[in-house]
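# Close look at the chain arrangement
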Amino acid sequence: MSEKKNWYEIKQNNNIGYALTFLSLKIFPTFLMRLLAFPIGFFYWIFSKNARRVSEKYFENLAAFQNKRIRKGDFAKKTLFHIVSFALNLVEDVQAWAGKVNFQKVFWRDDDVNDLVKNIDSSKGVLLIISHVGNAQMLKALASAGESGTKRKMSITTITDQNISAGFNKLLKEINSDSAFNIVNASDIGVETLFMLQDRLEKGEVVVIAGDRVSAKTNRNIEVDFLGKKAPLPYGVFLLASLLNVPTYFVNGVRRKDFSLKGEYDMFVKKNEISFDCSKKEREERISECASSYAKILEVLCEAHPYQWYNFFDFWS
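Counting of residues starts from 1 at the beginning of each chain's written sequence and follows it residue by residue. Only residues with pLDDT of at least 70 get local features here, since the model is predicted, and only at 80 or more are side-chain atom pairs given and counted; chain-wide, interface and lining totals rely on the full set of residues. To obtain the side-chain values, all non-hydrogen atoms of the structure were used and water was disregarded.

### Here's the deal with the packing of helix α9 (residues 235-244) against helix α10 (residues 280-304)
Axes, fitted as lines to C-alpha atoms, cover a helix only where it is in contact. Angles between the N-to-C directions of the axes lie from 0 to 180 degrees. Strands here mean DSSP runs of E at least two residues long; helices mean DSSP runs of H or I at least four residues long; both are numbered from the N terminus. Running from N to C, α9 and α10 cross one another at 115°; their axes reach a closest spacing of 9 Å. Relative to α10, α9 is oriented so that their crossing is right-handed. Of α10, the residues touching α9 (which contributes Y235, F238, L239, S242 and L243) are R283, E284, I287, C290, A291 and Y294. Amino acid classes used here: Ala, Val, Leu, Ile, Met, Phe, Trp, Tyr, Cys and Pro are nonpolar; Asp, Glu, Lys and Arg are charged; the rest, including Gly, are polar. A class-by-class count of the residues in the contact of α9 with α10 yields eight nonpolar, one polar and two charged. Crossing handedness: left-handed means the near helix sits turned counterclockwise from the far one by under a right angle, and right-handed means the same turn made clockwise. Here a residue-residue contact requires only that any non-hydrogen atoms of the pair lie within 4.5 Å.

### Topic: the pattern of salt bridges
For salt bridges, the criterion is a side-chain nitrogen of Lys or Arg within 4 Å of an Asp or Glu carboxyl oxygen. The tally for this structure, following the rule as stated, stands at 10 salt bridges. Across the salt bridge formed by R71 and D74, the nearest N and O atoms sit 3.3 Å from each other. Between R286 and E282 there is a salt bridge whose closest N-O contact spans 3.5 Å. Of this pair, R286 and E282 are both found in helix α10, four residues apart, which corresponds to roughly one turn of the helix. Several salt bridges share partner residues, and in doing so they unite R34, E92 and R255 into one network.

### A few points about the packing of helix α8 (residues 191-202) against α9
As a packed pair, α8 and α9 sit with axes 11 Å apart at the nearest point and diverge in direction by 60°. Comparing the axis directions of α8 and α9 gives the class oblique. In the packing of α8 onto α9, the handedness of the crossing is right-handed. Contacts between α8 and α9 involve L194, L197, Q198 and L201 from the former and L240, L243 and L244 from the latter. Residue classes in the contact of α8 with α9 are distributed as six nonpolar, one polar and no charged. We call two directions roughly parallel when the angle between them is under 35 degrees, roughly antiparallel when it is over 145, roughly perpendicular when it lies between 65 and 115, and oblique otherwise.

### A look at the environment of I120
Counting through the fold element by element, I120 comes out in helix α5 (residues 113-121). Only protein chains enter the accessibility calculation, which uses a 1.4 Å probe; a residue is then buried when its area is under 20% of its type maximum, exposed when over 50%, and partly exposed in between. A residue is classified by how much of its surface remains accessible, and I120, at 2% relative accessible area, is buried. The spatial distance from the C-alpha of I120 to the C-alpha of T150 is 7.1 Å, given a sequence separation of 30 residues. Residues contacting I120, with those up to four places away along its chain left out, are V126, T150, R152, M154 and V206.

### Focus: the sheet that holds strand β8 (residues 248-255)
Overall, mixed pairing links the seven strands, which are arranged β1-β9-β8-β2-β5-β3-β4 in an open sheet. Because the sheet does not close on itself, it has two edges, and the strands there are β1 (106-108) and β4 (182-185). When strand polarity is set aside, the average angle formed by the axes of neighbouring strands in this sheet is 25°. Strand pairing is assigned whenever DSSP identifies at least 2 bridges connecting the two strands. Sheet topology note: the β1/strand β9 (residues 265-271) ladder contains three bridges and is parallel. Along β9, the bridge assignment pairs W108 with M267. Packing against the sheet, α10 makes contact with β2 (126-130), β8 and β9, and its axis sits at approximately 15° to β8.

### Side note on the nonpolar core
Only buried residues count toward a nonpolar core. Its members are Ala, Val, Leu, Ile, Met, Phe, Trp, Tyr and Cys residues joined through side-chain atoms within 4.5 Å. Formed by 43 residues in total, the largest nonpolar core has its most connected members in Y58, I129, F226, L233, F238, W309 and F315. Ranked by the residues each element gives to this core, the list is headed by α10, at eight residues. Beyond its immediate sequence surroundings of up to four residues, F315 is in contact with D212, F226, A231, P232, L233 and W309.

### Overview of α10
In this model α10 runs 37 Å from its N-terminal to its C-terminal C-alpha over 25 residues, within 8% of the 36 Å that 1.5 Å per residue would give. Along α10, the residues classified as buried are I287, C290, A291, Y294, A295, L298, E299, L301 and C302. In this analysis, the expected span of each helix is defined as 1.5 Å times one less than the number of residues it contains.

### Considering unusual backbone geometry
Of note in this structure, N67 is not a glycine but carries a positive phi near 55°. For N67, the location among the structural elements is in the loop between α3 (49-65) and α4 (74-97). Judged by relative accessible area, which is 72%, N67 ranks as exposed. With a phi close to 50°, N245 is a non-glycine residue in the positive phi region. Here N245 shows up in the loop between α9 and β8.

### Some words on the confidence of the model for the chain
The pLDDT value expresses, per residue, how confident the predictor is, ranging between 0 and 100. Counting all residues, the mean pLDDT for the chain is 83, and 79% of those residues have values of 70 or more. Averaged pLDDT values for the elements of the chain fall to 56 in helix α1 (residues 7-27) and rise to 96 in strand β6 (residues 221-226). The low-confidence segment residues 7-12 (pLDDT under 50) makes 15 contacts with residues lying over four places distant or belonging to another chain.

### With respect to the packing of aromatic side chains
For Phe, Tyr and Trp, rings pair up if their centres lie within 6.5 Å, where Trp contributes its six-membered ring, and each pair is then called stacked (planes under 30 degrees apart), edge-to-face (over 60) or tilted (otherwise). In this structure the tally under the stated criterion is 19 aromatic pairs. Ring centres 5.6 Å apart and planes at 65° place the aromatic pair F81 and F259 in the edge-to-face group. Here F81 is found in helix α4, whereas its partner F259 is found in the loop between β8 and β9, with 178 residues between them in sequence. Look at F81 and you get partly exposed, because its relative accessible area is 33%. An angle of 55° between the planes, with centres 5.2 Å apart, marks the rings of F86 and F312 as tilted. Separated by 226 residues along the polypeptide, F86 in helix α4 and F312 in the segment after α10 bring together distant segments of the chain. According to the relative accessible area criterion, F86 is buried, its value standing at 15%. Owing to a relative accessible area of 11%, F312 belongs among the buried residues under this scheme. In this scheme, the term charge over a ring applies when either NZ of a lysine or CZ of an arginine sits within 6 Å of the ring centre and within 35 degrees of the ring normal. Lying over the aromatic face of Y235, R220 brings its terminal NZ or CZ to 3.9 Å of the ring centre.

This is the structure we're talking about:
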């Protein structure tokens, strides 16, 4: 049986891929790099048994959730397309930070984006919970380039596990020295950190955290229904939302066409409607409701764009 790995055990390989992509972008034109994502994805599909295994499990769960059947012979095609889509996303991540994405091709949907922009323009701090469905870096790249559609330039604090993402963050500074944003190590969050985050939010800043990857330091997670099965989400993310108690939005940037070379993106913004103005006794229940709402949004996006699910680890374990 293949060895099961969590996302934080695989992350370093992704960082190497980002570095190689950045070096290639210095040499080759953008269009060629996007085109090269297809043979690179095929190469990775051939040699990464673990990626094929977790991709197949994802498609099994998605098909069962949709009451569909996948013929055994179709799994190879689906997992290949899935990994090629991931390779294209990796190129687009680096393109975004290098300023080589045409931001006129990034379209905001008519959802809760106006509410988000209103709060930012009125200097009201907000919490954004992103995911690895679609491009997890697009919003931060938009903000860094001043292309977020707000009158005020967004000042962003990102909460991430520095022990895992330090290499990636160092690379971002090499790609674009203006892209540096405040980083808080998720492993160090305590009372002092909460006060610091609240202070930044009171100044109208934006705090960003991913909600679909469990912590490498703690096993305290929330079980949610995701694609018909129980899956763990990080408890700390949704606890943080309850403690900060500021307007919270679920944000996703999704490629309009899974395999388009045009790089057109839709940005989805959904406001969290769960209120945390409640007693401590009720708070735990509302934290779970918030996590479930987030999972349902991911389900909708996975059904619409099945090849843009970029959690290549055993998500349901």
